[in-house]
Amino acid sequence: MDRIVIVGGGAAGLAAAETLRREGYAGSIAMVCDEPELPYDRPPLSKQVLTGAWDADRTRFREAAHYAGLGVRLVSGRADALDAGGRTVYLADGDALGFDGLIIATGVRPRRLPAQHGLAGVHVLRDRPDAAALRAAFAAGGRVVIVGGGFLGMEVAAAARGLGLEVTVIEPLEQPMIRQVGGLIGAEVARLHRAHGVDLRTGIGVTELRSDTATAAGRRVSGVALTDGTVVPADCVLVAIGSVPATDWLAASGLAIGDGVECDEYCRAAPGIYAAGDVASWVNPRYQRRMRVEHRMNATEQGTAAARNLLRGDVEPFAPLPYFWTDQYHVKIQVHGHPSIGCEASVEEGSPADSKFVALYRLDGAPTAVLGWNAPTRMPRYRKLLLG
C-alpha cells in the first residue's frame, strides 16, 4: 500500500495514524478532519472546558509539528461519499482522495429532538463550538434544563451546579445512567446529584420545548413541557439523548451499515477498508457478539488494532475488555467490562454510605464487569478476575 486515507480526526483516527508509522508504513497518510481545529480530545468538553478550568486549546492531542513529523497530511473537509470499488473518498467540496487502504473513524453525531430544536438557547454537546456556546450560556446565568440522564447529561449537570446554576434533569427511565451502569448504581448517581441540588425528574418524558419570547436571532426557549403536564422554566436547554453513528456519507458505498459500520472481529468492513471508534460495529470475540462502544479508550485501542490489521492482513482480532469512566463532583466512576442488560450488580467492597465502594456485575452467575466508585486502587484485582 502506498496511500492510506483516514476519515475522522478524533482519538481513533490519531491512534491509527501513529500506529501506521510505528509499524513501519512509509507511504502517504491523509487524515480527513471535518473541523478546522487540530484534532482534539472530547471528554474534557463536558467537564474541564465547560467549567472554564481548561482553555479549549488544552484539549489538542498533538501540535501541528507532530503531524508534519509523522508525514500525516491533515485535510480539512467533510467526507461526502465513498466509492469502495473505485478506492476513492469524495469530499463535500468536490475534492477526491484515492486510497489503497481506508480507515473509517467518523464517530457519532448527537441525536436531536424531533421538533423545536432550532430555538435559541437549545444546545447539544459534541464538539468545541458546542462547548463554547454552552459555556457562554452558563456564563449568562439562568435556569438550565438537561434532557437526558446518561453520562453526558449527568456530567454537564455536575458542571453546571459547580458554577452555581439552577439545574433540572429530565430522564424518562427510572434512574439516571441506568443503561450504562444499571439500577443499583443509577440510584446512587441520583442520590449524588440530588444531594448537590439538582432537580432530577425520572420516569418522565418531554412533549415539547416552549417559547414565549422572540429575539433578533429568532424565538428563544422558555420552558420544557413534560408528559405529566408540568412545564419546567428554562433559559438554557441541553439535549443529551444519545448519538447516532456518522454514516450518512456511506449510504451508497455498498458497505454493511447497521448500528454503525459493520465489521468483523478484525475491524474489517470490506477488503482494505476498516472502521474504528464510535462509528464501528464489530464482532467482539471476548463476548461472541456484535457491539459498538462509545468510549474514549476503545477509540484509541480500536484505531490501533484497525491500523495493524490493515497493514498485516488480519492477524489480531480486536477483543478488548471495555473501560470507561466519568467524573461528577467529587466522584470518579470507573467501569471495566460490559455491564449488559440482565446483569445483577452487588457491592463487594466498601459502602455507598462512605462514597467509596466496588460493585461486581454478574450474568448467569459469571462476572462480566466491575465498577469502582472512588476506588481506583481496588480495580486492578477485579480487572484480572474479568480477564480470567
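Residues numbered from 1 in each chain as written. Predicted model: local features only at pLDDT ≥ 70, side-chain atom pairs only at ≥ 80, totals over all residues. Heavy atoms only, no water.

> For this particular structure, what's the right way to read helix 5 (residues 151-162)?
Here helix 5 spans 17 Å end to end across twelve residues, near enough to the 16 Å set by a 1.5 Å rise per residue. Looking only at helix 5, the buried set comprises F151, G153, M154, E155, V156, A157, A158, A159 and A160. A positive phi of about 85° marks G164, the residue just after helix 5. (Helix = DSSP H or I, 4+ residues; strand = E, 2+ residues; numbered from the N terminus. Expected span 1.5 Å × (residues − 1). Buried < 20%, exposed > 50% of the residue type's maximum accessible area, 1.4 Å probe, protein only.)

> In this structure, what is going on with the sheet that holds strand 7 (residues 101-104)? I would like to understand it.
The strands that make up a sheet pair up through hydrogen bonds in the backbone, lying either parallel or antiparallel. Across the sheet, which stays open at both edges, the six strands sit in the order 3-2-1-7-23-22 with mixed pairing between neighbours. Two strands bound the open sheet, and with one partner strand each, they are strand 3 (72-76) and strand 22 (268-270). Neighbour-to-neighbour, the strand axes of the sheet open up by a mean angle of 25°, direction not taken into account. In this structure, strand 2 (residues 28-33) lies alongside strand 3, joined through five bridges in parallel fashion. (Pairing = 2+ DSSP bridges. Axes fitted to C-alpha atoms, helices over the stretch in contact; angles between N-to-C directions.)

> Help me understand the side chain of D314 in this model?
Here D314 lies in the loop between helix 7 (296-312) and strand 26 (323-328). By relative accessible area, which is 15% here, D314 ends up buried. Within the structure, D314 has its side chain in polar contact with the side chain of R268 (distance 2.5 Å). Engagement of the side chain of D314 in a polar contact is seen with the side chain of Y274, the distance being 2.5 Å. If near-sequence neighbours (up to four positions away) are discounted, D314 is found in contact with Y266, R268, Y274 and N309. (Polar contact = N/O pair within 3.5 Å; in protein donor to acceptor, adjacent residues only side chain to side chain. Contact = heavy atoms within 4.5 Å.)

> Help me understand the packing of aromatic side chains, please; the structure alone is not making it clear to me.
For any two aromatic rings, the description comes down to two numbers: the centre-to-centre distance and the angle of the planes. Tallying each qualifying case throughout the model produces four aromatic pairs. With a centroid separation of 5.1 Å and 40° between ring planes, the pair formed by W282 and F318 is classed as tilted. Taken together, the residues W282 in strand 24 (residues 280-284) and F318 in the loop between helix 7 and strand 26 connect sequence positions 36 residues apart. By relative accessible area, which is 6% here, F318 ends up buried. With centroids separated by 5.9 Å and ring planes inclined at 25°, the aromatic side chains of Y323 and W325 adopt a geometry described as stacked. Judged by its relative accessible area of 21%, Y323 is partly exposed. (Phe/Tyr/Trp six-rings, centres within 6.5 Å; stacked < 30°, edge-to-face > 60°.)

> Where do I start with the state of the cysteines in this structure?
Simply put, disulfide is the name for a covalent bond between the sulfur atoms of two cysteines. Throughout the structure, instances matching the rule amount to zero disulfides. Not part of a disulfide, C33 finds its nearest cysteine sulfur in C263, a span of 20 Å. The class for C263 is buried, based on a relative accessible area of 3%. (Disulfide = S-S within 2.5 Å.)

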